Amino acid sequence: MTIRTNPLSRRGVIAGGTALLGIGASTPALADAKRQALVNDALAAAQRVLDSNEFPDAPNQLKRARAVLILPSFAQAAFLIGGAGGRGVLMARYGAGDWGYPAFMTMGSGSLGLQIGGRVQEILLIVLTDKGLNALLDSRFKFGAEGGVTVINAGVGIAGATTGAVGADIVAYSKASGLFLGGALEGSYLEPDNDWNALYYGQGARGRDIVMDRRYTNPGANGLRQYLARY
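Reading the values: rules and limits
Residues numbered from 1 in each chain as written. Predicted model: local features only at pLDDT ≥ 70, side-chain atom pairs only at ≥ 80, totals over all residues. Heavy atoms only, no water. Helix = DSSP H or I, 4+ residues; strand = E, 2+ residues; numbered from the N terminus. Buried < 20%, exposed > 50% of the residue type's maximum accessible area, 1.4 Å probe, protein only. Contact = heavy atoms within 4.5 Å. Areas by Shrake-Rupley, 256 points an atom, 1.4 Å probe, with all protein chains shown as cover. Axes fitted to C-alpha atoms, helices over the stretch in contact; angles between N-to-C directions. Parallel < 35°, antiparallel > 145°, perpendicular 65-115°, else oblique. Nonpolar A, V, L, I, M, F, W, Y, C, P; charged D, E, K, R; others polar. Polar contact = N/O pair within 3.5 Å; in protein donor to acceptor, adjacent residues only side chain to side chain. pLDDT = per-residue confidence, 0-100. Salt bridge = Lys/Arg side-chain N within 4 Å of Asp/Glu carboxyl O. Phe/Tyr/Trp six-rings, centres within 6.5 Å; stacked < 30°, edge-to-face > 60°.

Asker: Honestly, the overall build of the chain in this entry has me stumped. Any pointers?
Answerer: Scanning the chain from N- to C-terminus turns up 8 helices and 7 strands. Evaluated residue by residue, the chain yields a buried proportion of 42% over its 231 residues. Residue pairs in contact within the chain that sit at least 24 positions apart in sequence constitute 73% of those at least 6 positions apart. Here the chain displays about 11600 Å² of accessible surface, and carbon together with sulfur accounts for 55% of that area.

Below is the structure:
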């Protein structure tokens, strides 16, 4: 007995199977709510800093930036022994209006001394040179300890940000809520968070692959990229 099959049905099964495979391959990145929330928070933080009258120099410096690192929430708390932590995203610019996809970074610190209080900061690091960008990607970057990399703090209330930033590799802008007596950005460290990178982009995604080699994409970051493209 000969069994006939409908070729259209076979094509439909194959096409349906291919579509399902495609959905399965992209679902981990698109459905990763925790990582996506941080990207969304980074967009909101960038808007608050760059659209604020408190930081008139920041938009102009971003226009000549090599990269930017946005930390939406860097929390510090201390009673004699200090500690801090937060996550952010690092993005490189390849030309006018062309920003790459974000790599996740972890920032932390620990310190001893007379400190009391707590605060939460939004931090925007404008990376002006390739040297500064490579320092952030190569290993754990520690503020105040990296030879040859100049970081200028241009936060609220610090005068002469434009003048002081001449020759700097990285310029740091920060908005803080709360009171913290003692402690500073110096001594804090930054390093790629490749566990989060893999969860957002797929297995094997690393900071340098995302930022420098442009090997990974995720449409969830397009809103942030489009906002930065204004600069």
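Asker: Which parts of the structure should I look at to understand the packing of helix H2 (residues 33-50) against helix H6 (residues 194-201)?
Answerer: The axes of two packed helices give the description: the angle between them and the distance between them. Interhelical geometry of H2 versus H6 gives an angle of 105° and a closest axis separation of 9 Å. By the criterion of interaxial angle, the relationship of H2 to H6 is roughly perpendicular. Contacts from Lys34, Arg35, Gln36, Leu38 and Val39 in H2 reach Trp196, Leu199 and Tyr200 in H6. Considering only residue class, the contact of H2 with H6 consists of 5 nonpolar, 1 polar and 2 charged.

Asker: Sorry if this is basic, but what is going on with the environment of Arg208 here?
Answerer: Along the polypeptide, Arg208 turns up in helix H7 (residues 207-211). For Arg208, a relative accessible area of 30% puts it in the partly exposed group. Once you skip the residues sitting within four places of it in the chain, Arg208 turns out to touch Asn134, Leu137, Asp138 and Asp213. One polar contact links Arg208 to Asp138, side chain to side chain, over a distance of 2.5 Å.

Asker: Help me understand the confidence of the model for the chain, please; the structure alone is not making it clear to me.
Answerer: Any residue range with low pLDDT should be treated as having predicted coordinates unsuitable for detailed reading. Per-residue confidence for the chain gives a mean pLDDT of 75; residues scoring 70 or more make up 65%. No element of the chain has a lower mean pLDDT than helix H1 (residues 7-30), at 38, and none a higher one than helix H8 (residues 222-228), at 97. Low pLDDT (under 50) marks residues 157-164, which in the prediction has 7 contacts with non-local residues, meaning those over four places away or in another chain. Note that residues 177-183 has pLDDT below 50 and, in this model, 23 contacts with residues that lie over four places away or in other chains.

Asker: Looking at this model, I keep getting lost on the pattern of salt bridges. Mind explaining?
Answerer: Side chains that differ in sign of charge can pair as their charged atoms come close. Following the criterion strictly, the structure yields 9 salt bridges and no others. Of the charged contacts, one joins Asp193 and Arg87 as a salt bridge, the two residues approaching to 2.7 Å between their closest N and O atoms. On the criterion of sequence distance, the pair formed by Asp193 in the loop between strand E7 (189-192) and H6 and Arg87 in strand E1 (residues 67-95) is long-range, its members being 106 residues apart. Judged by relative accessible area, which is 9%, Asp193 ranks as buried.

Asker: I keep staring at unusual backbone geometry and nothing clicks. Help me out?
Answerer: Only a minority of non-glycine residues have a phi that is not negative, and only a minority of peptide bonds are not trans. Not every positive phi belongs to a glycine, and Arg214 is a case in point at roughly 55°. Looking at the secondary structure, you find Arg214 in the loop between H7 and H8.

Asker: I'm lost on the packing of aromatic side chains in this one. Help?
Answerer: Aromatic ring pairs are defined here through the distance separating the ring centres and the angle between the ring planes. Per the counting criterion, the structure on display carries 6 aromatic pairs. Relative to Tyr173, the ring of Phe55 lies with its centre 5.6 Å away and its plane at 85°, an arrangement referred to as edge-to-face. You can see Phe55 sitting in the loop between H2 and helix H3 (58-62) and its partner Tyr173 sitting in strand E6 (residues 170-181), a full 118 residues away along the chain. Note on accessibility: Phe55 and Tyr173 belong to one class, buried. Here Phe104 and Tyr200 contribute two aromatic rings whose centre-to-centre distance is 5.3 Å and whose plane-to-plane angle is 90°, an arrangement assigned as edge-to-face.

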